[in-house]
Amino acid sequence: MELINSIFELLFGTDPELRQIIAVTLRMSLFSTLFSSLIGIPAGVLLGANDFRGKPFLTRLVNTLLGLPPVVAGLLVLLLLSRSGPLGSFRLLYTVEAMVIAQVLLITPFISAMTANLVGVNAKVINETLVGVGIHGPKRLKYFLLDFRVPFISIILAGFGRSIAEVGAVQMVGGNVQFKTRVMTTAIMMQTNMGRFDFAIALGVTLLLISFLVNSIVNRIQKAVSDD
Amino acid sequence: MIELKNVLVKAKDRLILDVPGLRFERGKRYGIIGENGSGKTTLLRVLMGTVKTSQGSIEGLNLDHKVGYLPQSPYAFSFSVLRNVSMTLENDQERDELVLEALQKVGLGSLIHSRGSTLSGGEKQRLGLARLLAVPKEVLLLDEPTSATDIRGTDIVEALLQEWFEKTKGMLIFTTHAPAQALRMADEVIFLEDGRVIEIGSPQDLFNHPQEAETQAFLSHWVI
Amino acid sequence: MKSNNPRNILILTVISILLLSAVGCAQEPVNKVIRMSTTTSVNDSGLMAYLQPEFEKATGYTLEITSAGTGAAIEKGRMGDADILLVHSKSAEEEFIAEGFEEVRVPFMYNFFVIVGPADDPAGVAGSATAAEAFQKIADTGSLFISRGDDSGTNNKENAIWKSIERDPAGQTWYESVGQGMGQTLTIANEKQAYTLSDKATFLAHDNSLVMHLEETDDMKNTYSMIIVSAKRFAESNVEGAQAFVDWIKTEQARKMIAEYGVAEYGEPLFFNLD
């Protein structure tokens, strides 16, 4: 009962910190997903839809980056943005921007790889069909994007899921600063480290509920666009 | 007029197509026949430039919007049938009329709001043809355009191609696995085997009096 | 226990995992394994790694050490996942004792917290008589201060100092609570050139450009205690082993080792024995 109570309190209560945490989490995840998709989907289409020299190498590279451990991405961004690092003068470390950068590094290969796989299956016949009606080169991109718009939304959603659930990189480059960069996952880590398991579980359930909500909204969108 | 000169296509070391010389002329319909793997599709792809030739040249073919090519299993995009056809057209007032007319001609008038990806193989072929013919064409390259259509669909396609040909006096090149279709549709039949042109002739000559042993052997499988 | 439901589920899960992992291992008649839950500072400073082999040699027991902030370290005792605790937060320890988990509590050593910050000391902390005075200066000048904010012994100490000067820094623009261990907190403070409260041992072992501005004032004494977790709560609690550790730490050998620890490397001891 106490657990359920604390979940309700978290969700519908007036705890300003929790609302802050949710807001930061959503801001981070939405921007990470947005930038990763803007880069990853066109890159994935280019990779999946074309035959070119170096394609096997690029595919392998993307698949390797797919296995990049979050803490390694976090470490790279930490070193880049650190006061003593090459981009230190921007003072970006321990900001939401830094978290977004690390996550884009993590999620873009994921979205690219998924996109390339998806598009690759039918790429040959689509290309042939398009060439047959006089559509060549970069003009094809539009039709690939339109044709796969529904599965693309699923891929974007999966990217969002990765982003919102990720903890290693955002802890390192975000710093879990209260009211600034504390997100659901780092808050759960912290509460667990502090031995406050009830609160940690309640946060976890809240995270799941948010994910569920986002999924439901996106499914609506997916239905709408699939009807053309 | 289109002319192939010394065209050679190889994949690794295997010979796919070897055409020392071949001419296509305007105002004629060419039916390409031959077994699976004889090079029919490759010949069309060479004309479309989607297959690289190891040597040789293709002359007289400008790959502009007046040339249309239909692969054997054309892709139907996941948007509506209507948009599948209108996708290549400029957005003007005539567009919808043109598109609707093209779709009605191929017998898909009742499916305009269905998603392209839900169509059957034969419907996709007819959709592909409507997509091609929504824009005026002078040259049509069709890879087994009726391989998946049913009897009625085949009739529709053949009638439509006949109408197009009479109206435009353009050039039609199609492949088919059915000699009967070549007999009905072609002014000249080209028989391919193992990537080589074995025999060219009018349907009557080629089917009734095949000169080459390979042609005779191929036609012996054909029973009406 | 305040909340029955989730904690019980967790405890059950932990117990079943323990039981499952015990299947297949031959149970020895005498439990040779002591599960020790320590605060990060004694572990990260290397003290435990330094004492452990000598203790094991002397007594024949095996130490299994896990380290976490004091809050989490004590929580392991509550959940029956530790036989002995080695922590440094009076208020949290007293709460634990009040709940009846403790067999015996033995304060045994101390050191000092230090206030560290950027070399140019913008708040002018150096030379303060007490930590309270230093905190007052930090607050008055609005100099950036990074708080561990993780309910650890260090964090509890920090909160107590703010309380003593009747300031509540939470939510101030110059105050950032990061909810992380001492090491990460020092990294962040270094990166942001901010002040923070640290235990001396971890600070000396950490690679950063910050400077100790205040140390060894009376209000920064940091006392470490051992707490044996009562077998009344958890039958499998290894009270005997825990007692053996407590006994050993009081021997001349152990006291000498503690007093000497860090001298070679830092020129001064990191921990002092309590009399």
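**Thoughts on the overall build of chain B**
Step number 1: Tallying secondary structure elements over chain B gives eight helices and nine strands in all.
Step number 2: Computed over its C-alpha atoms, the radius of gyration of chain B comes to 18 Å, within 12% of the 17 Å expected for a compact globule of 224 residues.
Step number 3: Across the 224 residues of chain B, 42% fall into the buried class.
Step number 4: Considering only residue pairs separated by 6 or more positions, chain B has 68% of its internal contacts joining residues 24 or more positions apart.

**Quick word on the arrangement of the chains**
Step number 1: Inter-chain contacts occur across two pairs of chains; the most extensive set of contacts lies between chains A and C.
Step number 2: The two units chain B and chain C are non-contacting; their minimal C-alpha-C-alpha distance is 48 Å.

**A few points about the interface of chain B and chain A**
Frequently, the measure chosen for interface size is the accessible area that the parts lose on association.
Step number 1: With 22 residues of chain B at the interface, the matching set in chain A holds 15 residues.
Step number 2: Secondary structure elements with two or more residues in the side of chain B that touches chain A: β5 (67-70) and α4 (121-133) of chain B.
Step number 3: In the side of chain B that touches chain A, the residues fall into ten nonpolar, eight polar and four charged.

**As for helix α10 (residues 239-249) of chain C**
Every α-helix carries 3.6 residues per turn, so stepping three or four residues along brings you back to the same face.
All names here are of chain C.
Step number 1: Every buried residue of α10 is listed here: G241, A242, F245 and I249. Down the axis of α10, the buried side of the element spans an arc of 100 degrees, and every buried residue falls inside it.
Step number 2: Among the structural elements, β1 (33-39), α3 (47-59), β3 (84-87), β4 (102-117), β9 (221-229) and α11 (252-260) are those in contact with the buried residues of α10.

**Describing the interface of chain C and chain A**
Step number 1: Listed per partner, the contact involves 23 residues of chain C and 21 residues of chain A.
Step number 2: Within the residue set of the side of chain C that touches chain A, elements represented by two or more residues are α1 (5-22), α4 (70-78), β6 (175-177) and α8 (182-192) of chain C.
Step number 3: Across the side of chain C that touches chain A, the residue classes break down as seven nonpolar, nine polar and seven charged.

**Some remarks on the environment of P203 of chain B**
Residues and elements named next belong to chain B.
Step number 1: Inspection of the secondary structure assignment puts P203 in helix α7 (residues 203-208).
Step number 2: Classification of P203 as partly exposed rests on a count of 19 C-beta atoms within 10 Å.
Step number 3: Note: C-alpha distance between P203 and L183 (20 residues apart in sequence) is 5.3 Å.
Step number 4: When sequence neighbours within four positions are dropped, the list of residues in contact with P203 reads A182, L183, A186 and V189.

**Some details on α4 of chain B**
All names here are of chain B.
Step number 1: Its 13 residues give α4 an end-to-end C-alpha distance of 19 Å, which sits within 8% of 18 Å, the value for a rise of 1.5 Å per residue.
Step number 2: For α4, the tally of buried residues reaches eleven of 13 residues, placing the bulk of the element in the interior.
Step number 3: Within α4, burial applies to E123, K124, Q125, R126, L127, G128, L129, A130, R131, L132 and L133.

**Re the environment of T186 of chain A**
Residues and elements named next belong to chain A.
Step number 1: Here T186 shows up in helix α9 (residues 184-193).
Step number 2: Looking at T186, the number of C-beta atoms within 10 Å reads 27, which means it is buried.
Step number 3: C-alpha of T186 to C-alpha of V167: the two residues are 19 residues apart in sequence and 6.0 Å apart in space.
Step number 4: Filtering out sequence-adjacent residues up to four positions away, T186 remains in contact with V167, V170, Q171, G174 and N176.

**Structural notes on the nonpolar core**
Step number 1: Grouped together as the largest cluster of nonpolar side chains are 178 residues, with contacts concentrated most on A98, A102 and V173 of chain A, A130 of chain B together with I84 and L85 of chain C.
Step number 2: Here this core takes 20 residues from helix α5 (residues 96-132) of chain A, the largest share from any one element.
Step number 3: Composition of this core by domain shows at least three residues from each of domain 1 (31-111 + 223-273) and domain 2 (112-221) of chain C.

**With respect to the pairing of β9 of chain C**
Residue and element names in this part refer to chain C.
Step number 1: The sheet contact formed by β3 and β9 spans four bridges and is antiparallel. Paired with L85 across the bridge in β9 is I227.
Step number 2: Sheet analysis places β4 next to β9, joined by nine bridges and oriented antiparallel. Paired with Y110 across the bridge in β9 is T223.

The rules behind these values
- Chains are numbered independently. Their residues run from 1 in the order of the written sequence.
- Chain A is the first chain written and ligand 1 is the first ligand written, with later ones labelled in order.
- Residue-level local features of this predicted model are given only where pLDDT is at least 70; pairs of side-chain atoms are given and counted only at 80 or more, and the full residue set underlies all totals for whole chains, interfaces and linings.
- In this description a helix means any DSSP run of H or I spanning at least four residues, a strand means any run of E spanning at least two, and both kinds are numbered starting from the N terminus.
- With the radius of gyration taken over C-alpha atoms, the globule rule is written as 2.2 Å times the number of residues to the power 0.38.
- Buried, partly exposed and exposed are defined by the number of other C-beta atoms within 10 Å of a residue's own C-beta, namely 20 or more, between the two limits, and 12 or fewer respectively, with C-beta atoms placed from the backbone.
- Residues are scored as being in contact if the C-beta atoms we place from backbone atoms lie within 7 Å.
- The classification used treats Ala, Val, Leu, Ile, Met, Phe, Trp, Tyr, Cys and Pro as nonpolar, Asp, Glu, Lys and Arg as charged, and all other residues, Gly among them, as polar.
- The directions considered for the arc run from the helix axis to the C-beta atoms.
- The span expected for a helix works out to 1.5 Å for each residue beyond the first.
- Think of a nonpolar core as buried Ala, Val, Leu, Ile, Met, Phe, Trp, Tyr and Cys residues, each tied to the set through C-beta atoms within 7 Å.
- These domain limits were set by an automatic method or by a database of domain assignments.
- Pairing between strands is defined by DSSP: at least two bridges between them are needed.

Don't take any of this as a statement about function, it's just geometry.
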